[in-house]
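Examining the three-dimensional arrangement
This is what each chain is made of:
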Amino acid sequence: MIGSYRAAALAELHQGESIALSPTGPMAAVAGDDDASVLAVLREYTNVMEESGPVPQQARVPQG
């Protein structure tokens, strides 16, 4: 994860925990390299004021 060290620390604190990707959406394990799960952590534990750019709607599923 690249960004604020506080945001990175928050994501690291919740690493491996399951989190809902949206209010009614699927659950995913929090991983620093998964944009969707990190954004879900930020939404859950902070006040996200604005999202811009390509924001994933689903977690990436590892192959294999």
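Up top you'll find the structure we're talking about.
Please read all numbers here as calculations on a predicted model, not as lab measurements.

**A word on the overall build of the protein**
A tally of regular secondary structure across the protein gives 2 helices and 2 strands. Along its sequence from the N terminus, the protein presents helices and strands in the succession α-β-β-α. By residue count, 27% of the 64 residues in the protein fall in the buried class. Here the analysis covers contacts within the protein between residues at least 6 apart in sequence; of these, 30% occur between residues at least 24 apart. By element, 53% of the accessible surface of the protein is carried by carbon and sulfur atoms, the whole surface being about 4900 Å².

**Examining the environment of Leu42**
Checked against the element boundaries, Leu42 lands in helix 2 (residues 35–45). Considered as a pair, Leu42 and Ala11 are 31 residues apart in the sequence and their alpha carbons are 7.8 Å apart.

Basis of the calculations
Residues numbered from 1 in each chain as written. Predicted model: local features only at pLDDT ≥ 70, side-chain atom pairs only at ≥ 80, totals over all residues. Heavy atoms only, no water. Helix = DSSP H or I, 4+ residues; strand = E, 2+ residues; numbered from the N terminus. Buried < 20%, exposed > 50% of the residue type's maximum accessible area, 1.4 Å probe, protein only. Contact = heavy atoms within 4.5 Å. Areas by Shrake-Rupley, 256 points an atom, 1.4 Å probe, with all protein chains shown as cover.

Bear in mind that shape data such as this cannot, by itself, settle questions of function.
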